[in-house]
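# Structure at a glance
Spelled out, the chains give:
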Amino acid sequence: MSTALVWLRRDLRLHDQPALAAAAQRANRLVPLYIHAPEEATPAEGAASRWWLHHSLAALAEALATAGSRLCLDSGATAERLRHWAQVSEADTVYCTTVAEPWARRQEAAVRAALAEAGVALEILPDGLLTDPSAIRNRSGTPYRAFTPFWRSVRPQIDPPRPAPAPALPPLPDAIPEPQPPEALGLLPRIRWDSKLEMHWRPGEPAARERLARFIDGGLADYTGQRDRPARDGTSRLSPRLHFGEVSVRAVWHAAADARAAQPAAEASVDAFLGELGWREFGYHLLWQDPELDRRPFDRRFEAFPWREDPDGALLGAWRRGETGIPLVDAGMRELWATGWMHNRVRMVVGSFLVKNLRLPWQHGEAHFRDTLVDWDLASNSMGWQWVSGCGADAAPYFRIFNPVRQGERFDPDGDYVRQWVPEVAGLPKSHIHQPWKAPADARARSGLHLGRSYPEPLVDLGTSRQEALAAFQALG
Ligand SMILES: Cc1cc2nc3c(=O)[nH]c(=O)nc-3n(C[C@H](O)[C@H](O)[C@H](O)COP(=O)(O)OP(=O)(O)OC[C@H]3O[C@@H](n4cnc5c(N)ncnc54)[C@H](O)[C@@H]3O)c2cc1C
């Protein structure tokens, strides 16, 4: 009789789960175990991520119970707790999947040492990504610093195995204590602000699989036409599900590639979607090159950038609350606060506004997103912020400063997105909705808008702040 322990990490699912599959095949007793160790992951996940994790674990517990197994939960130092569980369950092997973040390498080394002392084997199986971020090199043998050559070289090599079904799970050994509920991990906020997230999301594998199927059947064919329109449901919204591994990236890849075979007309859309999965891979390749990607500019020249002083935090506070007086920026920040998610186009706009128009350090934006996004991901968030700031690899050049008015007119032409999130300006005609300060007084009066009272005047003048940013960037040389 052999017992296996499956150490669950960012792979909270039953289908196409390599650690569960290997353990189920080789052992006749199996313990699925999740260990909450917030002090080991650096930086620690934020409140919205913890909310998602709680509900994702609850969904996994339900699925495991239906499959005749049981989710075991624990918290504490991972290496020590794993050794304890291996001893209690008399497991000879611990199976887990990879997490491609710098702190996870340290965690795995500690786990390996602790298990070896106890005579328990550790098997780490690749998962979470389509590539190995540490193994990719260009022709000169160095890592890639730009997305286009990275993707051109990597994409033809991506040929993941087809997703495996959920395995039949062996029972738990007899000696396992009664399970704790996910509440015992203390992931939910003490002040219950999170009920609003429940209106927008259903974490867990079953919902992830449904969302993938719905996107493949509905949204994918016109992804290129819809993906930049924040008012539409034009993207997959799979990001939190990919982050927590509720659906495997291999399953997403194959679902999209199969859709191309079935509908050749959708080829451009499928390629664009697969390219976004490619950006996700690229983020991990960058994080592997620079473990400080969330803190230090990839281009170190930017460490000398003259950021604006904001001693009382008034500018940052207005940005966070969505009270900058720039409707598209405010709409994005309020969407984030209300739903834990923000449309990609708007992430770029609010990021550019913070870093270039307000000239506040990008690390403030990175930290706020980390706390509020349900899809917060160390690699993607760090890369995204460095990209909008112009200091990352392959970043938008510093002189490309998003104009939030032009972006609104182009990607939210009827103002539907702004109307949804900024009701103070909803009564303005679409010709003025993206710059209410330019609306004639009678149009403002008719729509009930009182600038400076019902809705703020712009926090900064877009033209002047743009010039100041350009001058500051140019001074860097
Ligand atoms: C400043 C900034 C911060 C960001 N922070 C995060 C973050 O913390 N977590 C996160 O998952 N994404 C982040 N992104 C990338 C992107 O905005 C989200 O992945 C996307 O909006 C998620 O929505 P979706 O699942 O509907 O995307 P889709 O358009 O349906 O794309 C499919 C998948 O591809 C991946 N993807 C798409 N765009 C990107 C991208 N630009 N970079 C990396 N992966 C991408 C995601 O996994 C996404 O789920 C950030 C972008 C910016 C500009």
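Each value, and the rule that gives it
Residues numbered from 1 in each chain as written. Predicted model: local features only at pLDDT ≥ 70, side-chain atom pairs only at ≥ 80, totals over all residues. Heavy atoms only, no water. Helix = DSSP H or I, 4+ residues; strand = E, 2+ residues; numbered from the N terminus. Expected span 1.5 Å × (residues − 1). Buried < 20%, exposed > 50% of the residue type's maximum accessible area, 1.4 Å probe, protein only. Contact = heavy atoms within 4.5 Å. Phe/Tyr/Trp six-rings, centres within 6.5 Å; stacked < 30°, edge-to-face > 60°.

## Some remarks on helix α13 (residues 327-339)
For α13, with 13 residues, the first-to-last C-alpha span of 18 Å sits near the 18 Å given by 1.5 Å per residue. Among the 13 residues that make up α13, 11 are buried, leaving the element largely enclosed by the rest of the structure. The complete set of buried residues in α13 reads Pro327, Leu328, Val329, Asp330, Ala331, Gly332, Met333, Arg334, Glu335, Leu336 and Thr339. Contacts from the buried residues of α13 go to α6 (195-198), α12 (314-321), α14 (344-357), α15 (362-372), α17 (404-411) and α18 (416-421). Phi for Gly340, located one or two positions after α13, is positive at around 80 degrees.

## Examining the packing of aromatic side chains
According to the stated counting rule, one finds 19 aromatic pairs in the structure shown. A centroid spacing of 5.1 Å and a plane angle of 45 degrees characterise the contact between Phe215 and Phe273, whose relative ring orientation is tilted. Taken as a pair, Phe215 in helix α7 (residues 205-219) and Phe273 in helix α11 (residues 267-289) lie far apart in primary sequence, 58 residues in all. Neither residue differs from the other here; Phe215 and Phe273 are each classed as buried. Taken together, a centroid distance of 6.4 Å and an interplanar angle of 10 degrees make the contact between Trp319 and Phe369 stacked. In this pair, Trp319 sits in helix α12 while Phe369 sits in helix α15, placing the two residues 50 residues apart along the sequence.

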